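Geometric and topological summary
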Amino acid sequence: MNKTASEASVLVREFIRRCPPRPDIQIGLAPPFTALHSVREALGTDSPYHLGAQNMFWEDKGAFTGEISGPMLTDLGCRFVIIGHSERRQYFGEQEEWTNKKVAAALRYDLRAILCVGETLAEREGGRTESVVTRQLMNGLAGLTKDQMSLVVVAYEPVWAIGTGRAATPEQAVSVHRVLRQAAQDHWSAETADALVILYGGSVTPHNIGSFLSCDGIDGALVGGACLDPASFATLAEITATCRTSRG
């Protein structure tokens, strides 16, 4: 919940000035609902940058005051939506059944669904990381076919690392990414697992993003606060492109 519509427009225009389009990486921006239109205007037509939303509801329309539907997002030019972010789960009681309905709704409208999974500090210290993230993954993606999985991105975001300045180590992140990819292989196929894009999120900054993206199995980053400054955002993009080039 950062940036008014006018503030978001200024941020995006400055980011674009600092970061010309890079064909070797994909960049998505997910402002608050109130800023989606202004950000789309700032991006312009046929922008290489992807516009997305931070959440959505699973019904297409109706008496659901305060909610936003898939058709509303696509009409605004959204190409992806974040689903099941830990703050949605923690503060708003988001249930895994809901995330599953939201994923299905996103795919109905050709929105790429970014499903967030991650454990709390108590769950990690209790040795339950693997079981927690696997459960969240399978419940959130229940009922999806192999073809539908091509529109899904998974973001591993340990709850204890979000906004705390305490990022997971690359080794911790890689370990969980392997668990998630293995679960996808076991349930769908090796081909599906290999093609699945898995991001790391949790106190990602220009200082540590390179250490994550240089690791096999980490395909990108879901970044929060470090994107609120256009100079920091542009630096993240530059480092990402460098890492992608070095990894081939």
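My aim in this report is to walk through the structure given alongside it, one point at a time. (Residues numbered from 1 in each chain as written. Predicted model: local features only at pLDDT ≥ 70, side-chain atom pairs only at ≥ 80, totals over all residues. Heavy atoms only, no water.)

Bringing the overall build of the protein chain into the picture now. The secondary structure content of the protein chain amounts to eleven helices and seven strands. Computed over the C-alpha atoms, the radius of gyration of the protein chain is 17 Å, within 12% of the 18 Å expected from 2.2 N^0.38 for a compact globule of 248 residues. Seen along its three principal axes, the alpha-carbon backbone of the protein chain occupies a region of about 45 × 45 × 35 Å. For the protein chain, with 248 residues in total, the buried portion stands at 48%. For the protein chain, the computed accessible surface area is about 12300 Å², with 51% contributed by carbon and sulfur atoms. For the protein chain, the centre of its 23 positive side-chain charges and the centre of its 28 negative side-chain charges are spaced 2 Å apart. (Helix = DSSP H or I, 4+ residues; strand = E, 2+ residues; numbered from the N terminus. Rg over C-alpha atoms; globule rule 2.2 N^0.38 Å. Buried < 20%, exposed > 50% of the residue type's maximum accessible area, 1.4 Å probe, protein only. Areas by Shrake-Rupley, 256 points an atom, 1.4 Å probe, with all protein chains shown as cover. Lys, Arg positive; Asp, Glu negative; His and termini not counted. Charge placed at Lys NZ, Arg CZ, Asp CG, Glu CD.)

With that out of the way, let us pick up the layout of surface pockets. One simple way to see leftover space: roll a probe sized like a water molecule over the atoms. Estimates place the volume of the second largest pocket at around 170 Å³. The wall of the second largest pocket is formed by S86, R89, Q90, E94, E96, G118, T120, E123, V132, R135, Q136 and V159. At the level of elements, α4 (86–92) and α7 (129–140) are the ones that each hand at least two residues to the lining of the second largest pocket. A breakdown of the residues in the lining of the second largest pocket according to their chemical character gives two nonpolar, five polar and five charged. (1 Å grid on protein atoms, 1.4 Å probe; cavity = no way out; pocket = protein on both sides within 12 Å on 5 of 7 lines; lining within 4 Å. Points joined across faces, edges and corners; volume = space filled by probe spheres on them. Nonpolar A, V, L, I, M, F, W, Y, C, P; charged D, E, K, R; others polar.)

Looking now at the environment of D60. Among the secondary structure elements, D60 is positioned in the loop between β2 (50–53) and α3 (70–75). Looking at D60, the relative accessible area reads 30%, which means it is partly exposed. Through-space distance from the C-alpha of D60 to that of R108 is 9.9 Å; in sequence the pair is 48 residues apart. Engagement of the side chain of D60 in a polar contact is seen with the side chain of R108, the distance being 3.1 Å. (Polar contact = N/O pair within 3.5 Å; in protein donor to acceptor, adjacent residues only side chain to side chain.)

By the alternation rule, side chains of strand β3 (residues 80–83) split into F80 and I82 and V81 and I83, which are all buried. The parallel pair β2 and β3 is bridged by α3, and the resulting crossover is right-handed. Summarising the sheet, β3 and strand β4 (residues 112–117) pair through four bridges and their orientation is parallel. Within the sheet, the bridge partner assigned to F80 lies in β4 and is R112. (Right-handed = clockwise from strand over helix to strand, strands pointing away. Pairing = 2+ DSSP bridges.)

In this fold, L29 is placed in strand β1 (residues 28–29). Judged by relative accessible area, L29 falls into the buried class, the value being 7%. Placed 106 residues apart in sequence, L29 and R135 show a C-alpha to C-alpha distance of 28 Å. For L29, the contacting residues outside a window of four places in its chain are V12, L43, Y49, H50, L51, G52, F80 and F233. (Contact = heavy atoms within 4.5 Å.)

This part covers the nonpolar core. Among soluble globular proteins, nonpolar side chains are generally buried collectively. One finds L141, L180 and Y200 to be the most contacted residues of the largest nonpolar core, which totals 68 residues. Element by element, the count of residues in this core is highest for helix α8 (residues 170–187), at seven residues. Beyond its immediate sequence surroundings of up to four residues, L141 is in contact with N100, V103, L115, M149, V152 and W188. Formed by eight residues, the second largest nonpolar core is a distinct cluster that contains I114, C116, A155 and L222. (Core = buried A, V, L, I, M, F, W, Y, C linked by side-chain atoms within 4.5 Å.)

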